[in-house]
Amino acid sequence: MAHLLVVESWVGSMSRLLPRAIREGGHEFTFLTRDLHHYLRSAPEGTAHPLLGARNVLTADTNDTDALLPEVARLHSVLGFDGVITSCDYYLPAVARIAGHLGLPGPGPEAVANACRKDATRRILAEAGLPGPRFAVHQEWADLARAAREIGYPLVAKPVDLCAGMYVRRIEHEAELAELFRTLADFPVNARGQQRTPAVLLEELLDGPEVSVETVSYAGTVHVVGVTDKSVGGAPAFIETGHMFPAALPPAGIEAAEQTTLGALKALGLTDAVVAHTEIKLTSAGPRVVEVNPRPAGNRITELVRHVTGIDLAAACVDVALGRGPDLRRTDTGLRSAAIGFLVPDRAGTLEALDPRQLAAEPDVLEVRFAEPGTAVKAAGSNNEYLGHVMAGDSDGPGARERVERLLAALRAGLVIR
């Protein structure tokens, strides 16, 4: 039995998947957080939060990494950790530094920090010669406006240090860029109270479909698990409305996405002890990296992979954090594809009517989870405002996405928000 230190977590599915993987692997964990109530508020009513299944629940200022390192070293001397892990993007750099400080397995701290900063990722990939969009990074409005004119509208503007698609926007003209610039200036800290960098990343707008490549790196070798496709809506935002695994692409498209991902991971130095989720645009000019995430995919993509291949990416994340070889053997699950679709609200109000019960009786439905009537609804501007999802599989071929879209269309017909 191994003992892991879990430093913070998301409050969504990974906060449940990661403790489950630790438990099913025969291990235990200590949970370290600066605000336990952040997690208790997110637990379903009447249900104990999975993070409370920890051997210990401890508090410390996880936002001050310099002060946290000696504190964790003292805890390590008493509790004895075999690995350190998180599922939350905002704490990936801190966890990499902790692992290095304690001599535990993990990717290089500099590599993780660069992957978690969109501007650093762009710079490193460009220096490595990987094709990418034209881009610029600035903090001052005059510099930003000038760079936008040089790149040309329409373009994409992004904060360099947020996630879940927050404030990523398609920008048609300078007035829209100025509005986003003002909005970001009024958002000085992220959802975890960490000080934000005020820089804005501008990128050339890329055409073509977007996919993600799921990989597991161990002992200097990157193993490609597969390629997931993505549907996007909510313009001018870029909201993920659904995914399917494996992506319904010709072999040449799969190969291009995989090889681009391998090049990006090598350039960033993410070739050991990391499960990664790399987003790629398959443009008319060839594949381009959107971003590299040094953690398992969110939005239940890990579960799509598991339903089709039997490979558990949450378990692989635990294994590599312990310095152990992950089990990446494929099994015949009976499914050839699995897809998830999200119910994305386009207006604010209160959810009055939504009855997903009929969906559970449909063939090959794997998950149905939706908000209850009475829930306050916010018009979606990122991947944080879903009203729920339906997941389904197809035992014959790549028909899972079509099945999910049909089920969601039937659900939307009875959706009432006032």
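Throughout what follows, the structure given in this document is the object of discussion. Since this is a predicted model, take the numbers as computed values, not measurements. (Residues numbered from 1 in each chain as written. Predicted model: local features only at pLDDT ≥ 70, side-chain atom pairs only at ≥ 80, totals over all residues. Heavy atoms only, no water.)

Some points on unusual backbone geometry
A cis geometry characterises the amide bond from Ala235 onward to Pro236, with omega recorded as 10°. Within the fold, Pro236 resides in the loop between strand S10 (221–233) and strand S11 (239–245). Here the amide bond leading from Phe245 into Pro246 is cis, since omega sits at -5°, within 30 degrees of zero. Locating Pro246 in the fold gives a position in the loop between S11 and helix H9 (251–268). The backbone of Glu8 shows a phi angle near 60°, a positive value even though the residue is not glycine. Relative to the elements of secondary structure, Glu8 occurs in the loop between strand S1 (3–7) and helix H1 (14–24). Residue Ala273 is not a glycine yet carries a positive backbone phi of 55°. Counting through the fold element by element, Ala273 comes out in the loop between H9 and strand S12 (274–283). (Helix = DSSP H or I, 4+ residues; strand = E, 2+ residues; numbered from the N terminus.)

A few points about the sheet that holds strand S8 (residues 200–204)
Across the sheet, which stays open at both edges, the four strands sit in the order S5-S8-S6-S7 with antiparallel pairing between neighbours. Taken across any chain shown, the strands that pair with only one partner, and hence form the sheet edges, are strand S5 (135–138) and strand S7 (169–171). Each strand of the sheet is rotated relative to its neighbour by a mean of 25°, with strand direction disregarded. Alignment of strand S6 (residues 155–159) against S7, held across three bridges, turns out to be antiparallel. Bridge assignment links Ala157 to a residue of S7, and that residue is Arg169. Taken strand by strand, helix H7 (residues 141–151) contacts S5, S6 and S8, and its axis lies near 10° from that of S8. Those strands touched by helix H8 (residues 174–185) are S6, S7 and S8, and its axis lies near 145° from that of S7. (Pairing = 2+ DSSP bridges. Axes fitted to C-alpha atoms, helices over the stretch in contact; angles between N-to-C directions. Contact = heavy atoms within 4.5 Å.)

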